[in-house]
Every structure is written in structure tokens, then in C-alpha cells.
Amino acid sequence: MNAIRSEKNLRILVVDDNRSIHTDFHKVLTAPAEAAEADSMEASLFGETAGEHQAIHFEVDSAYQGGEAVEMVRKACEQQRPYALAFMDVRMPPGLDGIETTAAVWAIDPDMQIVICTAYSDYSWDAMIRKLGHSDKLLILKKPFDNVEALQLAVALTEKWHLAQQARYQLANLEKLVEERTGELRAAKEQAEIANQAKSEFLANMSHEIRTPMNAVIGMTGLLIGTKLEPAQREFAETVRHSAENLLTIINDILDFSKIEAGKLTFEAVDFDLLDVVEGSLDMLAERIQGKDIELVSFIKPEVPVRLRGDAGRLRQILLNLIGNAVKFTEHGEAVVRVSHEEETDTHTMLRFTVEDTGIGISAEAQSRLFNAFTQADNSTTRKYGGTGLGLAISRQLVSIMHGKIGVQSEPGKGTTFWFTACFEKQTGAPKPALPSPDLSSIRTLIVDDNATNREILRLQLQSWRMQRASAPGGEEALRMLQEEAAAGHPFDLVLLDMQMPGMDGLALARAIKEDPMIASTRLIMLTSLGYMSREDLGDIGIEAHLVKPIKQSHLYNCVMEVMGRALTEESSQPAAVVQNPPSLPPMRVLVAEDNQVNQKVALGQLNKLGYIADVAANGHEVLSALPRLHYDVILMDCLMPDMDGYETTREIRRLENDPERPCPWKSPVHIIAMTANAMQGDRELCLSVGMDDYVSKPVRLADLQAVLSRLPSPLTEKLPVDSSGADASG
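Residues numbered from 1 in each chain as written. Predicted model: local features only at pLDDT ≥ 70, side-chain atom pairs only at ≥ 80, totals over all residues. Heavy atoms only, no water.

Colleague: Got a minute to help me understand the state of the cysteines in this structure?
Modeller: Structurally, a disulfide amounts to a covalent bond that connects the sulfur atoms of two cysteines. In the structure shown here, the tally under the stated rule is zero disulfides. Considering cysteine sulfurs only, Cys639 is the nearest to Cys687, which forms no disulfide, with 3.6 Å between them. (Disulfide = S-S within 2.5 Å.)

In C-alpha cells form, the structure reads like this:
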């Protein structure tokens, strides 16, 4: 680092062809007799009291020609003893004049202060500026000069030179310090990037190594549950499956949190239907409320736009976390999801989601740390309910990326309301033309449910379809209203009745309605949380259809239309039948490329349940040997196999299929689906980039496999077999 020059530079060069001028300058700048006068002048210049300083003794050298002055300046710089100031005469025949000498001096030492001394007007100030340029180092002293004026200039300009040098040294030191710190930061950044890369690779390997056995656990358990089991055996298998699903959730939370910390989390921008995302999230959690006295419902206000563009998967992740917490911490009552919109432009909408429950609640002190990583309300909560404490921290990060906010209101024992906002694009282009909607305004409907929130949401849904509606909180009240309205000549056409109600439950109410001739013609739809109910049992009672909670709005509409004798339009969503067989899939031959023997058994069992013929290959070489021998429509390709992995195998398959020199030895192109435990960001894209057609991550549930096979292109999907069992092996 540069050392700051502490001593003042008092070297002055006098350049003049008149020797008497040199004598005068020496007397003014070096004579001790002038010390008192110099002190007085310095005091007036710098605000100090006269006598506080000793006399300033300048080191004065003389040059009598311009060329001589230039050489002296060069030598002084070489010796690192530069001049701070030069008093420069203008006219110095022969050779360089003062202006030319000044230009030559500044070419050597641009920091040197110059005082032009002249008794003539050879150069005007403008002419000097044109020749030398603007400079704060250039002054003019008219001859004959005053001694005090000359001394003041010497003191002031040498001090200026000294301060300028100090500033330069400080700046040089600062620049060097910045350079050193920048180098340290650059090295630290490179080390952090290396560590980040190592962390990402570790996470990818950890994800793969954990997901591979998890695929076996979940897959085999699903297949086991699909077999005939004793009640105790089924309970054990369900416990294993439930624990495995919980473990997978924890793994996914940790991986997502690590992606966020590493800045690796990215968002998709795809078209989606908000209704599907919200209702689908409730569907995924419906199983958790079995055995609990909980109503799980949702309502999207009619004015909310539902054709949106954004990352539906991340929105679903937030909803699943918040709704999952509501279900986890609530034993009695309800968990309600509501969606409204706060702001809207022509291209974007800001939505507000609330998840309300009637659970245990959260203290004010616990709320302050609720969104921190690895944090739950208290340790007893973690012990009793489980979980990593990462879900809310991840949700907060996701909401922030969606340009929204997240918060909570709660009191212990009085339930909790989580809310968040998120911004989405509206879908461009005209929506699909609406099909003619039947007029439902003449249908009088009675809603019977002991849960007030359920009644409110059902009323709002029926209101949006312009249906006449009334409600009752129990079976006795409902029966009385039905009878009174029928007697008054205004009978109800339809009753939506809850299955589980205190006192007179839904089945008892249905029997009472059908036993009363005055109201027996009323059509009945049962709403239940108990899952499967056979059509025969319902038909014996007189119930025409039933829906399993949580109720999807589209399912309710279709069910009402079917029960009321309206023909469903060809573009309607799923029919109202509550128990449906899974979509049937095309009869194809499948090759499973998988080196793990347990995962081979899982895949073969799942494919067999779906009605497929399947074979196994343990690595890429076996795949390439099998393809010419038998016609395979689909390959389920594991990516990490010994000898020849899935990526290399896929590249070789595509190369052979596109070789112009010889025909492909099998019917091409074969459809390749990555079925891999590599589930980190970018793994799907990598699989598609090497030539695979689709991707499903392990652990593979039967529904996941069914979904990816259902996306096969024509002509593979022309013929569809039927899976008569209708059961999902993975649950």
C-alpha cells in the first residue's frame, strides 16, 4: 500500500532570462528576515494566529531558458523530488517561450503548479487557454510583482500541491484496498459457488437414493392394499403407506427448502383453471379427514377470474400446506378455503386466498416465529403432530415470488385463519365458447346440513346458477319445511341432504321423505364424507345420487342436471356418478428398463394391474437387445443404470431410429417415458433433451403411472381396454 507523503514539498523553480528576477524571488522566498512577514501572510491565508508558525523556507532553483527548465523538471521527477511550483516568465528569447515551456513541463509533470509572470501582453488569457487548455494549476502574476503577493502564491500553491498529493495517495490506497477486498470477495464467491454446486449435487444424489427405495415402499404397499387382506393386515398396510407418504412429504419439503436457499427454485408459466387447482387440492386431502368430525369445503367468488396463467403446481403446494395444517390441527368443526380478488388489471389479477379452521389455534408469541424455517408453534406440537416446520417457510418464499404476502390471525382454542395473496396473469385469447346453459331458476332446492358454512357455500353456488334455495340445519326442521311448503302449493323439487347430522341423519330423513306421500316425489342427492356408497343401497332408500365431500362445484352442477332430468352437454366435466372406474388405457406392450429388482417388481405389478403386458431390462444394453426381438410400444426408462444408463440408451435409440443409412430394426419411434428418482429442478428438461417423450418421478403411484400413460399420442390411444377392478393399488 502506498505511503502518504507527510513532508511538504517546498521546491520552487523560477524560470526567467532576467537574472535580477531570480535575485528578487530568492530574497522573497528564502530570506530569514522575511519570516515574520511570512508568518503574518500564512496566518491571514489559513486562519491562524501570527507567530504560531516558524518561517517557511522554500527551496528555490533557477532556470534561465525554457529548455533548461524542462530538463530540470525531468531530472527532479527522476530523482523523485518534483517541483511543486514554477514561476514562469513568458518572453525568454531565444528558444521556448513561457507558454511553450509550460506545455513541455506539464507533459513531464502534470501536477506542477505554474504561475505565469509577465509585463507584456504577448498572450491574452484566452490565447493561453487555447494553447494550454483549462487548468486549476495555472495562474498569472503581473510584473512588477509585489513581494507579499509572490510569497502568498508560493505558500498557497505549495500547500495546494501537498493536499492534492495526499488526496492522490489516499485514493490510490483506497483503490488498492477495494481491489484487495474485491479479490477476496471474488475468491469467496467462487468458493461459495463450488460449495453450492457440491450442495446441489449432494441434494440430487440424496433425492435419487431416497426416492428409489421409497418407490418400492409406496408402490408395493399400494399393490398389497389392492389384494384381499384381513382387516388387521389392511390396517397395517394402510399405516405403512400413510407413513411412507408422510416421509415423502418431509423429503420434498427439505429438497424444496434447499432449492430456495441455493437460488435454484424456478417457476413455470402455464395456463391453468383456478377451480381445478383449489378443488383438486381439497380432493388430495379428503382422505385425511376420514375419522375426524371435520367439514372440508371451498368457495371461489363468482367474480374471480379462473382462466389464469402461472405456476399452478406452486399454488397447489401452498394450498396443500395450509389446508393440510388446518386438517392436522383440527379435530372438530371445519376447514374452509375461500378465494376472492383484491386488484385487477386488463392483464393481471391479484387474488386473496384464506384458509380458516376451527382447530387448536396459535398463541401471539408463537405467531411471531411461525414462518421461520424448522419452526412450529411449540415443541409439543412437533411431538404430537409431526412435521419439519418447513412448510410455512417455503410457502412464504413461494408467495413472495408470486409478488404476494402471507399472514395469520389466530387465538388459542378459537381456530386459525391463514391468508395469502398472489398475482397471476390472465389467459390471453378468447375463452372457449360457453355452451347453452339450462334454465334452473324454476327448481326449488332445500339444503339440509348441520354445518353453517356448508349451507352458506351451497347457497352461494346455487345462487350463481339462479336456483331457488332455502336451508335447514337439521332433519326435523327440513321435514317440517318440506311438508309446509308442499301443503302451501310450493313443494321443493330437490333436496341436498348431509349424511352425518345429529338427531335425524341423512338416511333417516330420506326414508321419512319417501314415506310421506305428499313429498315423496322430491328428488334427493346425498352429500357424505364416508366415501363409497353403492347405488343399490341408495336406490332402495330413494336417493337418486350422492356426492363425496369435499364437493366439487362442477360435480354438483352435473349431478343436479342429471337428477333433474337434464341432458349433460358434451363439453361438461366429469359426470355426476360418484364412483368411477379410472380411465382405461390402451393395450400396449411395455418394456421396463430398471436395474433395481424391487422397483422392477413394483413396475410390473402396477402395469399388470392396469392390464398391460410388460417385460424387464436391467440396463441399456438389454434394452437395445430386446427392441428388435419384440415390438414394444412404450419404454419406462430409469435414468441411472449400470453399464449403459437411460440417457445414453435413449440417445442410441433415437440415433438408430433416424439413421438414413439403414432401416430401424424395430417399429419406430418407440415412446420413451423417464421413470426416475432424479426429481431435482432441470431433471425433466434433461430427460426431454436427450429424446425422451415424457417424465414421471419416483416414487411412482399407480395414478401417476396411469396419468403419464394416458398422455400417449394416437394411434396408441385408439383402442382402450377396461380395468374392471376400479381400484388404485397405491391408494
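Next comes the rest of the description.
Colleague: For this particular structure, what's the right way to read the packing of helix H4 (residues 98–108) against helix H5 (residues 125–132)?
Modeller: Two packed helices can be described by the angle between their axes and the distance between those axes. The geometry of H4 relative to H5 is characterised by a closest axis approach of 10 Å and an angle of 35° between their N-to-C directions. Between H4 and H5 the crossing geometry is right-handed. Across from Ile99, Thr102, Ala103 and Trp106 in H4, the residues of H5 making contact are Met128, Lys131 and Leu132. Within the contact of H4 with H5, the residues separate by chemical class into five nonpolar, one polar and one charged. (Axes fitted to C-alpha atoms, helices over the stretch in contact; angles between N-to-C directions. Helix = DSSP H or I, 4+ residues; strand = E, 2+ residues; numbered from the N terminus. Left-handed = near helix turned anticlockwise from the far one by under 90°. Contact = heavy atoms within 4.5 Å. Nonpolar A, V, L, I, M, F, W, Y, C, P; charged D, E, K, R; others polar.)

Colleague: Would you take a moment to explain the side chain of Ser62 for this structure?
Modeller: Among the structural elements, Ser62 can be located in strand S2 (residues 59–63). One polar contact links Ser62 to His26, side chain to side chain, over a distance of 3.4 Å. Ser62 has contacts with Leu13, Val14, His22, His26, Glu68 and Met72, leaving out every residue within four places of it along the chain. (Polar contact = N/O pair within 3.5 Å; in protein donor to acceptor, adjacent residues only side chain to side chain.)

Colleague: Is there a simple way to think about the sheet that holds strand S5 (residues 138–142) in this case?
Modeller: Through backbone hydrogen bonds, the strands of a sheet pair up, either in parallel or in antiparallel fashion. Strand order in the open sheet formed by five strands is S2-S1-S3-S4-S5, and the pairing between neighbours is parallel. Every other strand in the sheet has two partners, leaving S2 and S5 as the edge strands with one partner each. The sheet shows a mean angle of 20° between the axes of neighbouring strands, direction not considered. Taken together, the five bridges between strand S4 (residues 113–118) and S5 define a ladder with parallel strand orientation. What sits directly across from Val115, in S5, is Leu139. Strands in contact with helix H3 (residues 66–78) are strand S1 (11–15) and S2; relative to S2, the strand with the most contacts, it is inclined by about 140°. (Pairing = 2+ DSSP bridges.)

Colleague: So what exactly am I meant to see when it comes to the pattern of salt bridges here?
Modeller: Note on pairing: side chains with opposite charge can pair once their charged atoms come close. Applying the stated criterion across every chain yields a total of 27 salt bridges. For Lys549, the salt bridge identified is with Glu295, shortest N-O distance 2.9 Å. Placement of the pair is Lys549 in the loop between strand S17 (545–548) and helix H17 (553–563) and Glu295 in strand S7 (residues 293–300), with a sequence separation of 254 residues. Note on Lys549: relative accessible area 6%, which makes it buried. On the accessibility criterion, Glu295 (10% relative accessible area) is buried. Note that Arg684 is salt-bridged to Asp694, the shortest N-O span being 3.7 Å. Remark: Asp694 occurs in strand S22 (residues 694–697) and Arg684 occurs in helix H21 (residues 683–689); sequence separation between them is 10 residues. By relative accessible area, Asp694 is classed as buried at 7%. Through salt bridges with shared partners, one network takes in Arg11, Glu59, Asp61 and Arg81. (Salt bridge = Lys/Arg side-chain N within 4 Å of Asp/Glu carboxyl O. Buried < 20%, exposed > 50% of the residue type's maximum accessible area, 1.4 Å probe, protein only.)

Colleague: Is there a simple way to explain the side chain of Asp694 in this structure?
Modeller: Only 3.0 Å separates the side chain of Asp694 from the side chain of Arg711, close enough to count as a polar contact. If near-sequence neighbours (up to four positions away) are discounted, Asp694 is found in contact with Ile672, Ile673, Ala674, Arg684, Leu688, Val708 and Arg711.

Colleague: Mind showing me how you'd approach the nonpolar core here?
Modeller: Nonpolar side chains tend to gather and get buried jointly when the protein is soluble and globular. With 45 residues, the main nonpolar core has Leu274, Leu315, Leu319, Ile323, Phe353, Phe420 and Phe424 as its most contacted residues. The next biggest cluster of nonpolar side chains, apart from the first, holds 24 residues, and it includes Leu507, Leu509, Ala512 and Leu524. (Core = buried A, V, L, I, M, F, W, Y, C linked by side-chain atoms within 4.5 Å.)

Colleague: What exactly am I supposed to notice about the packing of aromatic side chains here?
Modeller: Two aromatic rings are characterised by how far apart their centres lie and by the angle between their planes. For the coordinates displayed, the defined rule picks out four aromatic pairs. Where Phe353 meets Phe420, the ring centres are 4.7 Å apart and the plane angle is 5°; that geometry is what we call stacked. One end of the pair, Phe353, is in strand S10 (residues 348–357); the other, Phe420, is in strand S12 (residues 416–426), and 67 residues separate them in sequence. In this structure Phe353 comes out as buried when scored by relative accessible area, which is 0%. Of the residues examined, Phe420 reaches a relative accessible area of 0% and is grouped as buried. Between the aromatic rings of Trp465 and Tyr557, the centroid separation amounts to 5.2 Å while the plane-to-plane angle is 65°, which identifies the pairing as edge-to-face. Taken as a pair, Trp465 in the loop between helix H13 (452–464) and strand S14 (468–472) and Tyr557 in helix H17 lie far apart in primary sequence, 92 residues in all. Neither residue differs from the other here; Trp465 and Tyr557 are each classed as buried. The cationic tip of Arg19 hangs over the ring face of Tyr64; the distance from NZ or CZ to the ring centre is 4.1 Å. (Phe/Tyr/Trp six-rings, centres within 6.5 Å; stacked < 30°, edge-to-face > 60°. Lys NZ or Arg CZ within 6 Å of the ring centre and 35° of its normal.)

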